[in-house]
Amino acid sequence: MLRTVVCRAGSGLLKHSRQTVPALWGTQAQQRWASSLPMNTVVLFVPQQEAWVVERMGRFHRILEPGLNFLIPILDKIRYVQSLKEIVIDVPEQSAVSLDNVTLQIDGVLYLRILDPFKASYGVEDPEYAVTQLAQTTMRSELGKLTLDKVFRERESLNSNIVHSINQASDEWGIRCLRYEIKDIHVPPRVKESMQMQVEAERKKRATVLESEGHREAAINVAEGRKQAQILASEGQKAEQINKAAGEANAVLAKAEAKAKAIRLLSEALTLQNGNAAASLSVAEQYVSAFSNLAKESNTILLPSNTGDISSMVTQAMAIYGSLSKTNTQSTADSAPPETLEATLEGNTVSETETAQKY
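Residues numbered from 1 in each chain as written. Predicted model: local features only at pLDDT ≥ 70, side-chain atom pairs only at ≥ 80, totals over all residues. Heavy atoms only, no water.

Caption draft 1: Quick peek at the pattern of salt bridges. By the definition in use, this model includes seven salt bridges. Two residues, Arg-113 and Glu-86, come together in a salt bridge whose shortest N-O distance is 3.9 Å. Of the two residues, Arg-113 sits in strand 9 (residues 103–114) while Glu-86 sits in the loop between strand 7 (76–83) and strand 8 (87–97), which places them 27 residues apart along the sequence. Taken together, the shared-partner salt bridges in this structure form one network comprising Glu-86, Arg-113 and Arg-179. (Salt bridge = Lys/Arg side-chain N within 4 Å of Asp/Glu carboxyl O. Helix = DSSP H or I, 4+ residues; strand = E, 2+ residues; numbered from the N terminus.)

Caption draft 2: Representation of the sheet that holds strand 5 (residues 59–64). Taken in spatial order, the three strands make up an open sheet running 5-4-7, and their pairing is antiparallel. One side of each edge strand has no neighbouring strand; the edge strands of this open sheet are strand 5 and strand 7. Between one strand and the next, the sheet's axes are offset by a mean angle of 30°, whatever the strand orientation. As defined by bridge partners, strand 4 (residues 50–56) adjoins strand 7 across seven bridges and the pair is classed as antiparallel. When the bridges of strand 7 are listed, Glu-55 appears paired with Lys-77. (Pairing = 2+ DSSP bridges. Axes fitted to C-alpha atoms, helices over the stretch in contact; angles between N-to-C directions.)

Caption draft 3: Focus on the sheet that holds strand 9. Read from one edge of the open sheet, three strands run 8-9-10, paired in antiparallel fashion. Strands at the two margins of the open sheet, each flanked by one partner only, are strand 8 and strand 10 (175–186). Geometrically, the sheet is characterised by an average inter-axis angle of 25° between neighbouring strands, direction not taken into account. Here nine bridges tie strand 8 to strand 9, and the two strands are oriented antiparallel to one another. For Ser-95, the partnering residue across the bridge sits in strand 9 and is Gln-105. In the packing of helix 2 (residues 127–143) onto the sheet, contacts are made with strand 8, strand 9 and strand 10, and the angle to strand 8 comes to roughly 35°. (Contact = heavy atoms within 4.5 Å.)

Caption draft 4: Focus on the pairing of strand 9. The turn linking strand 8 back onto strand 9 is made up of five residues, and Asn-101 within it adopts a positive phi angle of 60°. Pairing of strand 9 with strand 10 involves 10 bridges; the strand directions are antiparallel. Across the sheet, the residue bridging to Ile-106 is Ile-185, located in strand 10.

In structure tokens form, the structure reads like this:
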């Protein structure tokens, strides 16, 4: 019957066997050097982070704690030496089939620690070999539940599932699996080429989508710019029309005020002495100026019969002016006091007399 002892020489796990070393230890990655167990020298010094399992007359007696310990010669014998440090085990490469029937070659690293030296010594024959085999079978089982794409995307979930499955089985062995890490995943060459083509197609798709989004953004920006330009142009035209209308209104007001001021000054001038004579002179000048512009803008003209008699023309214009003055005087007299009416009539009589004497 094969009996093994798991221990550490320095940082390595020591294994002691009464018969032969398993074939798994023949590989360089899994090799553990066999070493003789400590002898019972009555006084023993146990190193830190090690647990020595002692049997008395072939039956479990106790576990020696680190430090100074005493044993009975011949009766007590050190049967197992367990290391309480964290142990790193390389899980050999193995083949597994994914959910979509792709064969994968996967290896990993297992980190564990012995929590109960008694169970680790008497619960399983070879703890390291048992945990390694359990990790391999669990990894194959978990990979069979995932497709190839999910294997690469969900490595963390896969590692945690493997650790959970190992801990469920290794509780009876006094071993606690801390974590499991997948090192390498190898796929067949043809599958690798297909994956590469898929990646390239995905990148081309992203480039096409990004380019189309860029064109769309550019078109939106151009349209937005044109919209803003039209809005600004319309606002400019609106402001221009408002300013133009305001300018025309101001010009009309200015002309009206100037005309009103001119009429007011003219009316004041007519009320002065010899005002009627000045009005007659102005009418004569305007008549001469208007007569000189005849036939310049149109070929059809109407002429009075006495075009050469300027005095009659002036007399006729003054008569029209006199009749308008009398009409204004009459309307003013209807609304004015009697004293103002007499003064106005006297002024008009004097003005008419002076005008008659002058012509």
